[in-house]
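This is what each chain is made of:
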Amino acid sequence: ALAVTIIGVGLLVGAFVGRARWLILISVLLVPTLAFSSFWTYNWESRDLNLNTTPLSFSEVQSDYAIDLGNMRIDLTELPWDGEEVSIEANVAAGALEIRLPPGVGIIGTAQVEVGEVSEPGRSSSGLGSAPLHWDETGELGTILLDAEVNIGTIDIRR
């Protein structure tokens, strides 16, 4: 509705100030979308916006975690590490991703934020299209194979 309103105001202003006929094409595409938008709804509950997981065994660890909007916290400190290798892919479209690891667990992989900051104790990368952080270190207790990405927001690796 907001997009159609903005285009409508642009057409009104264009009628008196200048040529804005190209806005007609955009409005022709947006108006049907607005007409049918009441048929598509999304249930915005807080459980859909946040994901907090603290697996107690390696069988509880998922290989893929993803949310569109909100905060994701993956706490791996309660796992009985003894040389295991765990593969995790975590994606957040907009929000924050926090990964907690116990001391002695290494990381192999990358973490990237398109707009925002990715950090771990001692180093960080931030900005627009910032460089990802890379790890290539095995740990004495175990190793996490990490592929983490946030489009807009933050990634915080805590050890």
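Provided above is the structure to which this section pertains.
Residues numbered from 1 in each chain as written. Predicted model: local features only at pLDDT ≥ 70, side-chain atom pairs only at ≥ 80, totals over all residues. Heavy atoms only, no water.

**Q** What am I meant to see in the pattern of salt bridges here?
**A** Where side chains of opposite charge bring their charged atoms close, a pairing between them can arise. Within the structure shown, the criterion is met by eight salt bridges. E98 is the salt-bridge partner of R73, the closest N and O atoms lying 3.6 Å from each other. One end of the pair, R73, is in strand β2 (residues 64–75); the other, E98, is in strand β3 (residues 84–100), and 25 residues separate them in sequence. Residue E98 is joined to R100 by a salt bridge in which the shortest nitrogen-to-oxygen separation is 2.6 Å. Looking at E98, the relative accessible area reads 16%, which means it is buried. A residue is classified by how much of its surface remains accessible, and R100, at 26% relative accessible area, is partly exposed. (Salt bridge = Lys/Arg side-chain N within 4 Å of Asp/Glu carboxyl O. Helix = DSSP H or I, 4+ residues; strand = E, 2+ residues; numbered from the N terminus. Buried < 20%, exposed > 50% of the residue type's maximum accessible area, 1.4 Å probe, protein only.)

**Q** Even after reading the chapter, I still don't get the side chain of D75, so can you show me in this structure?
**A** Among the structural elements, D75 can be located in strand β2. According to the relative accessible area criterion, D75 is buried, its value standing at 8%. In contact with D75, other than residues within four places in its own chain, are T53, T54, P55 and R100. (Contact = heavy atoms within 4.5 Å.)

**Q** How do you make sense of the side chain of T143 when you look at a structure like this?
**A** In this fold, T143 is placed in strand β7 (residues 142–158). Here T143 falls in the buried class, since its relative accessible area comes to 6%. Leave out the neighbours within four places in its chain, and T143 touches W81, E84, E85, V86, V105, G106, I107, I108, E137 and T138.

**Q** Can you walk me through a nonpolar patch on the surface in this structure?
**A** A surface patch of nonpolar side chains, amounting to about 460 Å² of accessible area, comprises V9, V13, F16 and V17. The topology assignment puts V13 in helix α1 (residues 2–17). (Patch = residues over 30% accessible without salt bridge, like charges linked within 9 Å, V, L, I, M, F, W, Y side chains within 5 Å. Areas by Shrake-Rupley, 256 points an atom, 1.4 Å probe, with all protein chains shown as cover.)

**Q** Any chance you could explain the packing of aromatic side chains here in plain terms?
**A** What characterises a pair of aromatic rings is the spacing of the ring centres plus the angle enclosed by the ring planes. Tallied over the entire structure, the rule returns one aromatic pair. On the numbers, 5.1 Å between centres and 85° between planes, the contact of F58 with W81 is edge-to-face. Of the two residues, F58 sits in the loop between β1 (50–53) and β2 while W81 sits in the loop between β2 and β3, which places them 23 residues apart along the sequence. (Phe/Tyr/Trp six-rings, centres within 6.5 Å; stacked < 30°, edge-to-face > 60°.)

**Q** I keep staring at the pairing of β3 and nothing clicks. Help me out?
**A** Each regular strand carries side chains that alternate between the two faces of the sheet. Two elements, β2 and β3, share eleven bridges in a ladder whose sense is parallel. For M72, the partnering residue across the bridge sits in β3 and is L97. Sheet topology note: the β3/β7 ladder contains 16 bridges and is parallel. If you follow G95 over to β7, its bridge partner there is G153. (Pairing = 2+ DSSP bridges.)

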